[in-house]
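Remarks on the overall topology
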Amino acid sequence: MSKTLGDLLVVSDLDGTLLTAQEGLPSCNIAMIRLFQTLGGRFTIASGRSVESVRLALGNLPLGAPAIVFNGAMLYDYHEEFPVSEHYLPKVTALEAIRTLSEAVPGVGVEILAADGHMYMPICGEWACRHAAHESLAYTVAELDQVPGAWYKVLFAAAPAQVARLERIAAEHVWEGAYFIATSSTYFELMPQGVDKGAGLRELCALTGTALEDVVAIGDYFNDIPMLQAAGHPVAVANAVPELKLQAQQQVLSCTDGGVAQLLYSLIRQYGH
């Protein structure tokens, strides 16, 4: 690991790690992120959320490096307000996946995160509407053939039992140029092949000139595992799934108890000179 805070880059997952939809961002996390960066450390986010959703969640909290959004399909610089890197789904595969899974599991909601900056909802299921409401997301209801341009990812939202069924059905097919991953018990996402938070982290390190060994990555769910595997120092919050905890070198308090703040405080004590 590094000798000073200035060498460090801390990358945190958002939902279930830094904040929750119900309780928001703990004040201790806000205070410690500000202190950590004031003392020279760099802090940023890796999330499945869109650019605007991350912005709404963080408020005016500054980031010290571009954020990984859309589960790695984009690196976004909030200081310059510009996407640094973008990856897209093969549209033919995405259309096939939407038609196949929505027919097999009636009632599933479908969200398309498009490169024009909008979220489109060709199928407005209950859980997709809940998702939009919880994150205060604007969306456009549109038929599949009306959704324009390139797409970063497709999110299927449903009750946990339905998501489990979606996983089983998806596993029976080959999705050319794409793959599926569960990002919560109610969200199942189609991503471009080779794109995840780990690949996003490697891109971010190349962009910022940061060694992977100087990265501290913290998360809680399955889609965070590639990021923890890529980072020099992987950390799990106490509420993380067991599979992620197996990848971690350190475990901190739960999300709601300020696990990120605990981690940053420990780094300040160890490397703040």
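Placed above this text is the structure.
Described in the following lines is the structure provided in the data block. Residue numbers restart at each chain and count upward from 1, following the sequence in its written direction. The predicted origin of the model limits local features to residues at a pLDDT of at least 70 and limits the giving and counting of side-chain atom pairs to 80 or more, whereas totals for whole chains, interfaces and linings rest on all residues. Only heavy atoms go into the side-chain values, all of them from the structure, while hydrogens and water stay out.

**Regarding the overall build of the chain**
In this description a helix means any DSSP run of H or I spanning at least four residues, a strand means any run of E spanning at least two, and both kinds are numbered starting from the N terminus. Scanning the chain from terminus to terminus reveals 9 helices and 14 strands. Compactness check: the chain gives a C-alpha radius of gyration of 18 Å against a globular reference of 19 Å for 273 residues, within 12% of the reference. Across its three principal directions, the C-alpha atoms of the chain cover 60 × 35 × 30 Å. Taking the intrachain contacts of the chain between residues at least 6 apart in sequence as the baseline, contacts between residues at least 24 apart amount to 59%. Total accessible area on the chain is roughly 11500 Å²; 53% of this is exposed by carbon and sulfur atoms. Note on charges: Lys and Arg go in the positive column, Asp and Glu in the negative column, and His and the chain ends are not counted at all. Lysine's charge is taken at NZ, arginine's at CZ, aspartate's at CG and glutamate's at CD. For the chain, the centre of its 15 positive side-chain charges and the centre of its 29 negative side-chain charges are spaced 5 Å apart. As defined in this context, the radius of gyration uses C-alpha atoms, and a globule is described by 2.2 Å times the residue total to the power 0.38. Should any heavy atoms of two residues lie within 4.5 Å, those residues are considered in contact. We get accessible surface area from the Shrake-Rupley algorithm with a probe of 1.4 Å; when it comes to residues, only the shown protein chains can shield them.

**A look at the packing of aromatic side chains**
When two rings of Phe, Tyr or Trp (its six-membered ring) have centres within 6.5 Å they constitute a pair, described as stacked for plane angles under 30 degrees, edge-to-face for angles over 60, and tilted for the intermediate range. Here the structure, examined in full by the defined rule, presents 7 aromatic pairs. Plain terms: the ring middles of Phe180 and Phe188 are 4.7 Å apart, the flat faces sit at 10 degrees to each other, and that makes the pair stacked. Of the two residues, Phe180 and Phe188, both sit in the buried class. When the centroid spacing of 4.9 Å and the interplanar angle of 75 degrees are considered together, the rings of Tyr221 and Phe222 count as edge-to-face. Buried means the residue's accessible area, taken with a 1.4 Å probe over protein chains only, is under 20% of the maximum for its type, while exposed means over 50%, and partly exposed covers the values in between. Relative accessible area serves as the criterion here: at 29%, Phe222 is assigned to the partly exposed category. An aromatic cluster of three or more residues is present, and its members are Phe156, Trp175, Phe180 and Phe188.

**A look at the pattern of salt bridges**
Close approach of charged atoms allows side chains with opposite charge to pair. Here, a salt bridge means any side-chain nitrogen of Lys or Arg that lies within 4 Å of a carboxyl oxygen of Asp or Glu. The tally for this structure, following the rule as stated, stands at 8 salt bridges. The salt bridge partner of Arg49 is Asp15, with a shortest N-O separation of 2.6 Å. Of this pair, Arg49 sits in the loop between strand E2 (42-46) and helix H2 (51-58) while Asp15 is found in the loop between strand E1 (9-13) and helix H1 (27-38), placing the two residues 34 residues apart along the sequence. For the salt bridge of Glu81 with Arg55, the shortest nitrogen-to-oxygen distance reads 2.8 Å.

**Comments concerning the side chain of Ser102**
On the secondary structure map, Ser102 appears in helix H3 (residues 91-104). A polar contact of 2.6 Å, which involves the side chain of Ser102, links it to the backbone oxygen of Ile98. In protein, a polar contact requires one atom able to donate a hydrogen and another able to accept it; more generally it is a pair of N or O atoms within 3.5 Å, and residues adjacent in sequence count only if both atoms are side-chain atoms.

**Notes on the environment of Ile112**
Residue placement: Ile112 occurs in strand E6 (residues 109-114). For the pair Ile112 and Lys153, spaced 41 residues apart in sequence, the C-alpha to C-alpha distance is 6.3 Å. In this structure Ile112 touches Ile98, His118, Met119, Tyr120, Pro122, Leu144, Val147, Trp151, Lys153 and Val154, once residues within four positions along its chain are discounted.

**Overview of the side chain of Thr183**
For Thr183, the location among the structural elements is in strand E10 (residues 178-184). You can call Thr183 buried: its relative accessible area is 14%. Here the side chain of Thr183 touches Glu189 through a polar contact of 2.8 Å, side chain to side chain. Ignoring any residue separated from it by four or fewer positions in sequence, one finds Thr183 in contact with Asn71, Glu189, Tyr221 and Asn223.

**A word on the sheet that holds strand E11 (residues 187-192)**
Strand pairing is defined by DSSP finding a minimum of two bridges between the two strands. Strand order in the open sheet formed by 6 strands is E8-E7-E6-E9-E11-E10, with mixed pairing between adjacent strands. Edge strands, defined here as strands with exactly one partner in the open sheet, are strand E8 (140-141) and E10. Alignment of E6 against strand E9 (residues 151-157), held across 6 bridges, turns out to be antiparallel. From the neighbouring strand, Ile112 faces E9, where its bridge partner is Val154. Under this scheme, a helix contributes an axis fitted over its contacting stretch, all axes are lines through C-alpha atoms, and angles between N-to-C directions fall in the 0 to 180 degree range. Seen against the sheet, helix H5 (residues 160-170) touches E9, E10 and E11 and runs at an angle of roughly 35 degrees to E11.

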